[in-house]
Amino acid sequence: MSEISPGSSPEELLSIAVRVAREAAATARRMRDEAIGDVQTKSTDTDVVTAADKAVERQVVETLRAERPGDTVLGEEYGGAEAAPGTVRWVVDPIDGTVNYLYGLPQYAVSLAAEVDGEVLAGVVRNAATGDEWTATRGGGAWRDGRRLACSTETVLGQALIGTGFGYDPLRRAHQGRVFAQMITRVRDIRRFGAASLDLCLAAEGKLDAFFEKGLNPWDHAAGGLIAAEAGMVVAGLNGVPAGPEMVLLAPPALFPALHDLLVELDAAGGP
């Protein structure tokens, strides 16, 4: 584990993260009705960002800076600076699942993680619609409602329920659709819920057997990736590359090789 300053143990960081995420989730839920009238676009016309995304991220950043002025923050809406060696960087997705948020589907979350030198030490994902909450610390396990989580024990790819997601760029979606079409006959089924952080938590508690997606950003998987890993999943990219924008793949150890090889065969990390 990275050397960190006093007052920055994984447990202390998680305590802060949980409190900040709960406050942020309450703001997101409260703002939903008014926020849907202030929709802008980001990368394409289908990638929406609301006033709530920005307001929630500002709230998180301001709270963290007031409490821990020496830390840095990386957020989806406003970005952030690189952290100095040995210092804490917070990685926040203020509303993961913005389209669900707009439509009133109960699958949108606040995701907040604390990392030092690129290693995530603590993370929380809170479903703002339902209040469901998942947490983890590095080496301390993954938890939900006082229950320690363990991932699926499925070993047969053909019996596995797989989660995934799709990007906003039409060309990327087309490639991902081709991968989907070839995979669907070789697994039990595929689910797409629209919020990667929640998908990772569902996999951590065995409600999905595995998950993969190309194009995720650090804020999409920092907290959820730690939660999945602490629940026993292998979290990685393809061909020995760490999880990142080219691929985030997580599966139980016994299932990982078969799913990994299928994704390589289908060129899941390829395309735009």
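Let us look at the structure shown here. Worth saying up front: this structure is predicted, and the values here are computed from it rather than measured.

Looking at the sheet that holds strand β7 (residues 133–137)
Hydrogen bonds along the backbone pair up the strands of a sheet, which may run parallel or antiparallel. Strands sit in the order β3-β4-β5-β6-β7-β8-β9 across an open sheet of 7 strands; the sheet is mixed. Each having just a single partner strand, β3 (72–75) and β9 (147–148) make up the two edges of the open sheet. Across the face of the sheet, helix α2 (residues 51–67) comes into contact with β3, β4 (88–96) and β5 (109–116) while running at roughly 155° to β4. Running at roughly 100° to strand β6 (residues 119–127), helix α6 (residues 218–230) makes contact with β3, β4, β5, β6, β7 and β8 (141–144) of the sheet.

Thoughts on the side chain of His 260
Positionally, His 260 belongs in helix α7 (residues 256–265). One polar contact links the side chain of His 260 to the main-chain amide nitrogen of Asn 239, over a distance of 2.9 Å. Beyond its immediate sequence surroundings of up to four residues, His 260 is in contact with Gly 237, Leu 238, Asn 239 and Leu 249.

Some thoughts on the nonpolar core
One finds Leu 13, Val 60, Leu 64, Trp 90, Tyr 101, Leu 112 and Val 124 to be the most contacted residues of the largest nonpolar core, which totals 33 residues. The set of elements that each furnish at least two residues to this core consists of α1 (10–35), α2, β4, β5 and β6. In terms of residue count, the dominant contributor to this core is α1 (11 residues). Those residues within four positions of Leu 112 in sequence are excluded, and the remaining contacts are Ala 17, Val 20, Ala 21, Val 60, Leu 64, Trp 90, Val 91, Val 92, Ala 122, Gly 123, Val 124 and Ala 223. Core analysis: the next-biggest nonpolar cluster, separate from the first, contains 21 residues, Val 179, Met 183, Leu 238 and Ala 268 among them.

Here's the deal with α2
If you check α2, its first and last C-alpha atoms are 25 Å apart, about what 17 residues at 1.5 Å a residue would give, namely 24 Å. Among the residues of α2, those classed as buried are Ala 52, Asp 53, Ala 55, Val 56, Glu 57, Val 60, Val 61, Thr 63 and Leu 64.

Focus: the state of the cysteines
One pass over the full model with this rule turns up 0 disulfides. Free cysteine Cys 151: the closest other cysteine sulfur is in Cys 201, separated by 13 Å. Using a relative accessible area of 0% as the deciding quantity, one classes Cys 201 as buried.

Some points on the packing of aromatic side chains
Throughout the structure, instances matching the rule amount to 2 aromatic pairs. Look at Tyr 101 and Tyr 108: their rings are 4.8 Å apart centre to centre, the planes differ by 85°, and that puts the pair in the edge-to-face class. With 6.0 Å between their ring centres and 50° between their planes, Phe 166 and Phe 180 make a pair best called tilted. Of this pair, Phe 166 sits in the loop between β10 (161–164) and α4 (170–183) while Phe 180 sits in helix α4, and the two are 14 residues apart along the sequence. Residue classification places Phe 166 among the partly exposed residues on the basis of a relative accessible area of 23%. Assessed through its relative accessible area of 28%, Phe 180 is described here as partly exposed.

Quick word on the side chain of Thr 98
With respect to the helices, strands and loops of the structure, Thr 98 is situated in helix α3 (residues 98–103). Taking the relative accessible area as the measure of exposure, Thr 98 reaches 8% and is therefore buried. Within the structure, Thr 98 has its side chain in polar contact with the side chain of Asp 53 (distance 3.2 Å).

Focus: the pairing of β5
For β5, a buried count of 8 out of 8 residues is recorded, marking the element as mostly surrounded by other parts of the structure. Of the two faces of β5, both are covered, the one formed by Ala 109, Ser 111, Ala 113 and Glu 115 as well as the one formed by Val 110, Leu 112, Ala 114 and Val 116. Bridge analysis of β4 against β5 gives 7 bridges, and the strand direction is antiparallel. Bridge pairing in β5 links Val 88 to Val 116. One ladder, built from 8 bridges, connects β5 with β6; its direction is antiparallel. Paired with Leu 112 across the two strands is Val 124, which belongs to β6. Counting the residues in the hairpin turn of β5 and β6 gives 2 residues, including Asp 117, whose phi is positive at 55°.

Rules behind the numbers
Residues numbered from 1 in each chain as written. Predicted model: local features only at pLDDT ≥ 70, side-chain atom pairs only at ≥ 80, totals over all residues. Heavy atoms only, no water. Pairing = 2+ DSSP bridges. Helix = DSSP H or I, 4+ residues; strand = E, 2+ residues; numbered from the N terminus. Contact = heavy atoms within 4.5 Å. Axes fitted to C-alpha atoms, helices over the stretch in contact; angles between N-to-C directions. Polar contact = N/O pair within 3.5 Å; in protein donor to acceptor, adjacent residues only side chain to side chain. Core = buried A, V, L, I, M, F, W, Y, C linked by side-chain atoms within 4.5 Å. Buried < 20%, exposed > 50% of the residue type's maximum accessible area, 1.4 Å probe, protein only. Expected span 1.5 Å × (residues − 1). Disulfide = S-S within 2.5 Å. Phe/Tyr/Trp six-rings, centres within 6.5 Å; stacked < 30°, edge-to-face > 60°.

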